[in-house]
Amino acid sequence: MRTIRAIAGARSLYPRAVLLNTKSYFSAARSASVSIPGVNATVVKRTYFPFYFSLGSRSYTSRPGYPREGNVEMEEIEHRIVNVNGINMHVAEKGKGPVILFLHGFPELWYSWRHQITAFASLGYQAVAPDLRGYGDTDAPDAASSYTVLNVVGDLVALLDVVAPEQDKVFVVGHDWGALIAWWLCLFRPDRVKALVNMSVVFSPRNPKRKPLESLRAFYGDDYYICRFQAPGEIEAEFAELGFERVLKGFLTYRNPGPLLLPEGKYFGQPDTPISLPPNWLSEEDVKYYISQYEKKGFTGGLNYYRNIDLNWELTAPWTGSQVKVPVKFIVGDQDLTYNAPGTKVYLQKGGLKRDVPFLEQVVVMEGVAHFLHEEKPDEINKHIHDFFQKF
């Protein structure tokens, strides 16, 4: 039935001639892939999908207060506030059918999934993209300790009870911090997850011998961005001096595959040097929406996730050695700083991720793509997600 709905949705947006040629696009995509030893993995090289799955990839509309793109007539994305786990959470959603829960990272919002929400609603899914706690129109508790993995996963389990009360399991897609949260959701509550597509951040098994922040500081130094985020108020003050626009543009356009270092007063270029936006996927209007949201609460909520890295390590001690036992597809760009972090490629290629995630079905490395791959290449990402989820 889901396939029938998908075809019907596609027919409403595409000429018949395009649908007749869909098979040839899939064949071309397969022929452009090569395998990685150790898992059913794929490296995608210059694969193009100019028609199929561009449905909605640039489309989103909203009620007043949420963004609208250009003069294109767009279907409505619904926005609501729900009470979950003691906080009010803003949720963007569209469609009917099996739920796909989209989890954003830093410094993103629900908005980073704008290209996926309409696409999957058109294919017969219910796309649900919350602002995680501390972000956007969701509550931001004052205490940094309120942003642990247990708090955030608790939010999501409660959210699923609201948005999918009749679905025992849902699909999940995560990116950046959203990927970390998705790994933990699957680790803690595999009974709630049908399948997972995770992007950029690999599963990191707990090392019982050493706290993570200690390891990061020893390896990268005090200027490493995660280390710089630790002292409450310090980095916020520097960001305030730079201004929301420059900070957000700096993060969202970062393409250096090396480690992100933020020496005081020397990051994101000179203050008077403009930061150019990639013309094909990030517009000034996009940045304006991010700015409008961060002006409400600042960066503290998102930064508090980083400030709980060691506390998360303590709280998750009972799961030392546990495996993630849900079906998984992992996608990363070869220009992503996470993919180029020491040990990551070996972990992916030599079977480490498959060992820790035994139901891992595929690893996809996208050539020439950086960290924000679902915004940079939405059509390809939509296809990868749909190809995987339609199996279940």
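Only a predicted model underlies this, so the values are computations on that prediction, with no experimental measurement involved.

Thresholds applied
Residues numbered from 1 in each chain as written. Predicted model: local features only at pLDDT ≥ 70, side-chain atom pairs only at ≥ 80, totals over all residues. Heavy atoms only, no water. Helix = DSSP H or I, 4+ residues; strand = E, 2+ residues; numbered from the N terminus. Buried < 20%, exposed > 50% of the residue type's maximum accessible area, 1.4 Å probe, protein only. Contact = heavy atoms within 4.5 Å. Areas by Shrake-Rupley, 256 points an atom, 1.4 Å probe, with all protein chains shown as cover. Pairing = 2+ DSSP bridges. Right-handed = clockwise from strand over helix to strand, strands pointing away. Polar contact = N/O pair within 3.5 Å; in protein donor to acceptor, adjacent residues only side chain to side chain. pLDDT = per-residue confidence, 0-100. Expected span 1.5 Å × (residues − 1). 1 Å grid on protein atoms, 1.4 Å probe; cavity = no way out; pocket = protein on both sides within 12 Å on 5 of 7 lines; lining within 4 Å. Points joined across faces, edges and corners; volume = space filled by probe spheres on them. Axes fitted to C-alpha atoms, helices over the stretch in contact; angles between N-to-C directions. Parallel < 35°, antiparallel > 145°, perpendicular 65-115°, else oblique. Left-handed = near helix turned anticlockwise from the far one by under 90°.

(A) Main features of the overall build of the chain. Within the chain, the secondary structure is distributed over 17 helices and ten strands. By the burial criterion, 56% of the 392 residues in the chain qualify as buried. For the chain, contacts bridging at least 24 residues in sequence account for 76% of all contacts bridging at least 6. Here the chain has roughly 16600 Å² of accessible surface; of this, 52% comes from carbon and sulfur atoms.

(B) Looking closely at the pairing of strand E5 (residues 99-103). Where burial is concerned, most of E5 is hidden: five out of the five residues are buried. Both faces of E5 are covered, namely the face carrying Val-99, Leu-101 and Leu-103 and the face carrying Ile-100 and Phe-102. Of the strand pairs in this sheet, E5 and strand E6 (residues 126-130) are connected by three bridges, and their pairing is parallel. In the sheet register, Leu-101 faces E6, and the bridge partner there is Val-128. Taking the sense of rotation as the criterion, the β-α-β connection linking E5, helix H4 (residues 114-122) and E6 turns out right-handed. Here E5 pairs with strand E7 (residues 170-175) via four bridges, running parallel. From the neighbouring strand, Phe-102 faces E7, where its bridge partner is Val-173.

(C) Expanded view of the side chain of Arg-192. Relative to the assigned elements, Arg-192 resides in the loop between helix H6 (177-188) and strand E8 (193-199). Judged by its relative accessible area of 10%, Arg-192 is buried. Among the polar contacts made by the side chain of Arg-192, one reaches the side chain of Asp-161 at a distance of 3.1 Å. For Arg-192, the residues in contact, after removing those within four places along its chain, are Val-157, Leu-160, Asp-161, Gln-167, Asp-168, Lys-169 and Val-170.

(D) Molecular detail of the confidence of the model for the chain. Put simply, the chain has an average pLDDT of 85, and 81% of its residues get 70 or more. In this model, residues 40-64 is a region of pLDDT below 50 whose contacts with residues beyond four sequence positions or in other chains number 96 contacts. Residue range residues 69-74 is modelled with pLDDT below 50. Its contacts to residues more than four positions away, or to other chains, number seven contacts.

(E) Seen up close, the environment of Gln-167. Here Gln-167 is to be found in the loop between helix H5 (149-163) and E7. Gln-167 sits in the partly exposed class, given a relative accessible area of 23%. Between the C-alpha atoms of Gln-167 and Arg-192, which are 25 residues apart in sequence, the distance is 8.6 Å. Residues within four places of Gln-167 in sequence aside, it is in contact with Gly-97, Pro-98, Val-99 and Arg-192. Here Gly-97 takes part through its backbone oxygen, which lies 3.1 Å from a polar atom of the side chain of Gln-167.

(F) Summary view of helix H11 (residues 284-297). With 14 residues, H11 should reach 20 Å at 1.5 Å per residue; the first-to-last C-alpha distance of 21 Å fits that figure. Every buried residue of H11 is listed here: Asp-286, Val-287, Tyr-289, Tyr-290, Ile-291, Gln-293 and Tyr-294. Against the buried residues of H11 lie H4, helix H10 (244-252) and helix H16 (373-376). Residue Gly-298 follows H11 closely and has a positive phi angle near 80°.

(G) Spatial organisation of the layout of surface pockets. Taken as a whole, the largest pocket spans an internal volume of roughly 1600 Å³. Listed by contribution, the elements that provide at least two residues to the lining of the largest pocket are H6, helix H7 (212-220), helix H8 (225-228), helix H13 (309-315) and helix H14 (344-349).

(H) Inspection of the packing of H4 against helix H17 (residues 378-389) at higher detail. For the pair H4 and H17, interaxial distance at closest approach is 10 Å and the crossing angle is 50°. Relative to H17, the element H4 is oriented oblique. Judged by the twist between their axes, the crossing of H4 over H17 is right-handed. Here His-115, Gln-116, Ala-119 and Phe-120 of H4 come into contact with H17, specifically with Pro-378, Ile-381, Asn-382, Ile-385 and His-386.

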